[in-house]
Amino acid sequence: PEQPAPRAHAPPSAGSSRDSPARSPPTPDGGISTTCRPYPPSVDFADAVAIAARVYGADRDRSGVLFLAHGINVVQELGRAATSTAMNAAVLHDVIEETEWTIDDLARWGVDPVVCEAVKVLTRQTGETYTDYVRRICDAPGVAGDTARLVKVAALTVSADRADSDALRERYEQ
């Protein structure tokens, strides 16, 4: 008998039937990455959107907005001058926090190491206070840190713009 398809946000295993080139970006043939290294050459923005679509499926946040739509809105908020690194990080920024995917899963799908690091910086850790989370983003070094800060500001702007109440909007604007 045929096995049920995995949930949209569960990372497919390498070599599964869900990894066909027509349906997804390329994946490595086995092996588990322990670092964010590109395999094969790093994905472009269209591939990052495809990964986000595969990860989120039709899942929605608490307010009913598709997670994929939120990621695209964050990319849009970055503006025309956004780098491909920032755009890829923006569309993938909630993947680790909102799904079962890991940084290693993103790396196996070819996501650039800097994008992986930016997504890692943007992922709030279990038990981490919001203040400590923001401080960690502010203190993150290098291009990954710069990218994480740009994406976080864009994500907060998007969230503030769609906030249903003045109190929630004020919280995002802080």
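In what follows, the structure referred to is the one given above.
The model shown is predicted, which means the values in this text are computed figures rather than measured ones.

Participant: Outline the pattern of salt bridges, supporting the account with residue identities and numerical values.
Facilitator: Tallied over the full model, the rule gives 4 salt bridges. One salt bridge connects aspartate 132 with arginine 135, and the closest N-O pair in it is separated by 3.5 Å. Placement of the pair is aspartate 132 and arginine 135 together in helix H7 (residues 130-139), with a separation of 3 residues, close to one helical turn. Looking at aspartate 132, the relative accessible area reads 38%, which means it is partly exposed. Arginine 149 is paired through a salt bridge with aspartate 146; the nearest N and O atoms lie 2.6 Å apart. Separated by 3 residues within a single helix, arginine 149 and aspartate 146 lie in helix H8 (residues 142-161), roughly one turn from each other. Aspartate 146 gets classed as partly exposed once you look at its relative accessible area, which sits at 44%.

Participant: So what's going on with the nonpolar core? Residues and values would help.
Facilitator: In terms of nonpolar packing, the biggest core is built from 36 residues, with Ile51, Leu92, Val95, Leu106 and Val111 touching the most fellow members. Elements supplying a minimum of two residues to this core: helix H1 (45-56), helix H2 (67-78), helix H3 (84-92), helix H4 (95-98), helix H5 (103-108), helix H6 (113-122), H7 and H8.

Participant: Now, about the packing of aromatic side chains: what can you tell me, with residues and values included?
Facilitator: Enumeration over the complete set of coordinates arrives at 3 aromatic pairs. Between tyrosine 56 and phenylalanine 67, the aromatic rings sit 5.3 Å apart at their centres with planes inclined by 25°, giving stacked as the arrangement. Note that tyrosine 56 is positioned in helix H1 and phenylalanine 67 in helix H2, a separation of 11 residues in sequence. Assessed through its relative accessible area of 2%, tyrosine 56 is described here as buried.

Rules used in this analysis
- Residues numbered from 1 in each chain as written.
- Predicted model: local features only at pLDDT ≥ 70, side-chain atom pairs only at ≥ 80, totals over all residues.
- Heavy atoms only, no water.
- Salt bridge = Lys/Arg side-chain N within 4 Å of Asp/Glu carboxyl O.
- Helix = DSSP H or I, 4+ residues; strand = E, 2+ residues; numbered from the N terminus.
- Buried < 20%, exposed > 50% of the residue type's maximum accessible area, 1.4 Å probe, protein only.
- Core = buried A, V, L, I, M, F, W, Y, C linked by side-chain atoms within 4.5 Å.
- Phe/Tyr/Trp six-rings, centres within 6.5 Å; stacked < 30°, edge-to-face > 60°.

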